[in-house]
Amino acid sequence: MQVGIDAMAFSTSRYFLRLDTLAKNRNVDCAKYCIGIGQLKMSVFPPNEDIVTIAISAAQKVMARLVNKNEIDVLIFATESSFDLSKSAGIYVHHFLGLRPDCRVFDVKQACYSVTAALQLARSFVKDNPDSKVLVIGSDILKYSAGSSGEPTQGGAAIAIIVAKNPRLMIVEQHFSTYTTEIMDFWRPIEEGEALFDGKLSAQNYLQSLEITFLGYLKKSDLTPSDIDQVCFHAPFSKMAIKARNKTFADKSIDDTLIYNAIIGNSCSASLYVCLISLLDNSGDDLDGKRIGLFSYGSGSVAEFFSCTVVSGYRHMLSAEENRKMLEDRIEVSFEEYEQFCKNQADPGKKYANVGSIRMVRVENKQRIYERRIAG
Ligand code: CAA
């Protein structure tokens, strides 16, 4: 029995900041951001949007691919930007989607790696329970401190994946190689809203982890690099993925994988899968039956190289036009509005646009209150 990704969708903020605007205001040559780092825009989030609201938006899109929402037996929410150390963010999603009360819900965390962990867990679960479907969500909003070298690599998005038998999009293959090492390359202590990092160490460890897991994958699978048709990397910023490609698959273009990432920024746990959707949506090649190698990296650190094969007829399961429109229709913010968003300050005279049907209206007694948005 084949198990894998039956459907996949993503959502990001309705707002973005151009990186040349950021460069101008930080007195940096904009070529450093646009060419050196490879990023053109980044998603920025208004005060009424958070990891739950964007996750619900992505989940609603993917659930539209199912005949019956009651088919979901498990919901796994992967995030490194949770606002609660106890309650699972997945419970809000479960509530607003109206999933069955006996659906199992929990969060997982390991920096940007967590969706891959959740995907593999889901795959094993469906192998044991072939009639079950699992909803895997990855949702992150990444903030670095103002003026830091990480600032141009902020971003955020949510990905929603349905894992099922006889998938209509991609089969997750059995071979994988993981690598875990204790390293302080990127972390966010409980009291901090912004991530702390050692940029050079993180890039070094990312590439070393890629080398180890890629060799491990080839050894375990008995495959050679020429058996892999396409490759997709976790992209904290586009140049990092290009460096990864140069180390492993210098003969292959990864441009199609980076189209969305270059204008969204680092979406952490969702990043690899946003890159995967970008490839499927934008590749001019027919990917039917092609093997795609995937590299997932989460600082701290855990990495995994694994592969998927694309199912024949996969194009019917894509929403390329909808995705492009979502990104094209975003609203540009000025540098001043960006600074306000960073401080999570609402402009009392402004009604903010949301990507989905749920918005976060206030925090009351340290509880987040969400409500359904009235259309219009
Ligand atoms: N024109 C063109 N290119 C320029 C330029 C200019 N005027 N000025 C600089 N550049 C180039 C540099 O040559 C360099 O390119 P190479 O890496 O190819 O040499 C690139 O722009 C970046 O320049 P610096 O190295 O000087 O930049 P920096 O010190 O400001 O830091 C960074 C860049 C390390 C990516 C920083 O943004 C950062 O630390 N980001 C956060 C951490 C991160 O994302 N790490 C990635 C691995 S960890 C991970 O993957 C997990 C995760 O999601 C966080």
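Residues numbered from 1 in each chain as written. Predicted model: local features only at pLDDT ≥ 70, side-chain atom pairs only at ≥ 80, totals over all residues. Heavy atoms only, no water.

Describing the site of the ligand
Close to the ligand lie 24 residues, the nearest being Lys-32, Ser-149, Lys-200, Ser-202 and Lys-243. A distance of 2.9 Å separates an oxygen atom of the ligand from a polar atom in the side chain of His-234. Lys-239 is positioned such that a nitrogen or oxygen atom in its side chain is 3.1 Å from an oxygen atom of the ligand. The protein chains hide 73% of the 1100 Å² of surface that the ligand would expose on its own. Among the elements that take part in the shell around the ligand, helix H6 (residues 199–221) stands out by supplying 5 residues, more than any other. Across the shell around the ligand, the residue classes tally to 10 nonpolar, 9 polar and 5 charged. (Near = heavy atom within 4 Å. Polar contact = N/O pair within 3.5 Å; in protein donor to acceptor, adjacent residues only side chain to side chain. Areas by Shrake-Rupley, 256 points an atom, 1.4 Å probe, with all protein chains shown as cover. Helix = DSSP H or I, 4+ residues; strand = E, 2+ residues; numbered from the N terminus. Nonpolar A, V, L, I, M, F, W, Y, C, P; charged D, E, K, R; others polar.)

Some points on the sheet that holds strand S4 (residues 72–78)
Strand pairing in a sheet relies on backbone hydrogen bonds, with the paired strands running either antiparallel or parallel. In space, the 9 strands of this open sheet follow the order S5-S4-S6-S7-S1-S8-S13-S12-S11, with mixed pairing throughout. Here the strands that pair on one side only, and so sit at the sheet edges, are strand S5 (104–108) and strand S11 (230–233). The mean inter-strand angle of the sheet, taken between neighbouring strand axes irrespective of direction, is 25°. (Pairing = 2+ DSSP bridges. Axes fitted to C-alpha atoms, helices over the stretch in contact; angles between N-to-C directions.)

Considering the pairing of strand S12 (residues 291–298)
Counted residue by residue, S12 has 8 buried out of 8 residues, so it is predominantly covered. Of the two faces of S12, both are covered, the one formed by Arg-291, Gly-293, Phe-295 and Tyr-297 as well as the one formed by Ile-292, Leu-294, Ser-296 and Gly-298. Pairing of S11 with S12 involves 4 bridges; the strand directions are parallel. Bridged to Phe-233 within S12 is Phe-295. Counted between consecutive antiparallel strands, the loop separating S12 from strand S13 (residues 302–310) contains 3 residues, among which Gly-300 sits at a positive phi close to 120°. (Buried < 20%, exposed > 50% of the residue type's maximum accessible area, 1.4 Å probe, protein only.)

Considerations on the sheet that holds strand S14 (residues 331–332)
Read across the open sheet, the 3 strands follow the order S3-S2-S14; overall the sheet is mixed. Each having just a single partner strand, strand S3 (41–44) and S14 make up the two edges of the open sheet. In terms of strand pairing, strand S2 (residues 15–18) meets S14 through 2 bridges, oriented parallel. Looking at S14, one finds that Phe-16 is bridged to Glu-332.

A closer look at the nonpolar core
Of all hydrophobic cores here, the largest spans 100 residues; its most connected members are Leu-135, Ile-161, Phe-233 and Leu-280. Per-element tally for this core: the top contributor is helix H3 (residues 51–63), with 9 residues. Counting residues in each nonpolar core, the second largest holds 15 residues, with Tyr-33, Val-44, Phe-341 and Ala-353 among its members. (Core = buried A, V, L, I, M, F, W, Y, C linked by side-chain atoms within 4.5 Å.)

Thoughts on the side chain of Glu-173
Looking at the secondary structure, you find Glu-173 in strand S8 (residues 170–180). Given the relative accessible area of 14%, Glu-173 is considered buried. Separated by 2.7 Å, the side chains of Glu-173 and Arg-291 make a polar contact. Polar side-chain contacts of Glu-173 include one of 2.6 Å to the side chain of Ser-307. Residues within four places of Glu-173 in sequence aside, it is in contact with Arg-123, Tyr-217, Arg-291, Ser-307, Cys-308 and Thr-309. (Contact = heavy atoms within 4.5 Å.)

Notes on the packing of aromatic side chains
Scanning the entire structure with this criterion turns up 16 aromatic pairs. Plain terms: the ring middles of Phe-10 and Tyr-260 are 5.4 Å apart, the flat faces sit at 35° to each other, and that makes the pair tilted. Placement of Phe-10 in strand S1 (residues 3–11) and of Tyr-260 in the loop between helix H8 (255–258) and helix H9 (261–264) is noted, with a sequence separation of 250 residues between them. In this pair, the class of Phe-10 matches that of Tyr-260, namely buried. Measuring from ring centre to ring centre gives 6.4 Å for Phe-96 and Tyr-370, while their planes differ by 75°; the resulting arrangement is edge-to-face. With a gap of 274 residues between them, Phe-96 in helix H4 (residues 90–97) and Tyr-370 in strand S16 (residues 367–372) connect regions that are remote in the sequence. The burial state of Phe-96 is the same as that of Tyr-370; both residues are buried. Stacked on the ring of Tyr-92, the Lys or Arg Lys-87 has its end atom at 4.5 Å from the ring centre. (Phe/Tyr/Trp six-rings, centres within 6.5 Å; stacked < 30°, edge-to-face > 60°. Lys NZ or Arg CZ within 6 Å of the ring centre and 35° of its normal.)

Comments concerning the pattern of salt bridges
Counted by the stated rule, this structure contains 15 salt bridges. A salt bridge links Asp-102 to Arg-100; the nearest nitrogen and oxygen atoms lie 2.7 Å apart. Judged by relative accessible area, Asp-102 falls into the exposed class, the value being 55%. A salt bridge links Glu-337 to Lys-350; its shortest N-O distance comes to 2.6 Å. Of the two residues, Glu-337 is situated in helix H12 (residues 335–342) and Lys-350 in the loop between H12 and strand S15 (358–364); the sequence distance between them amounts to 13 residues. Classification of Lys-350 by relative accessible area gives partly exposed; the value is 32%. A network of salt bridges, in which partner residues are shared, links Asp-73, Arg-100 and Asp-102. (Salt bridge = Lys/Arg side-chain N within 4 Å of Asp/Glu carboxyl O.)

Just geometry here; none of it tells us what the structure is for.
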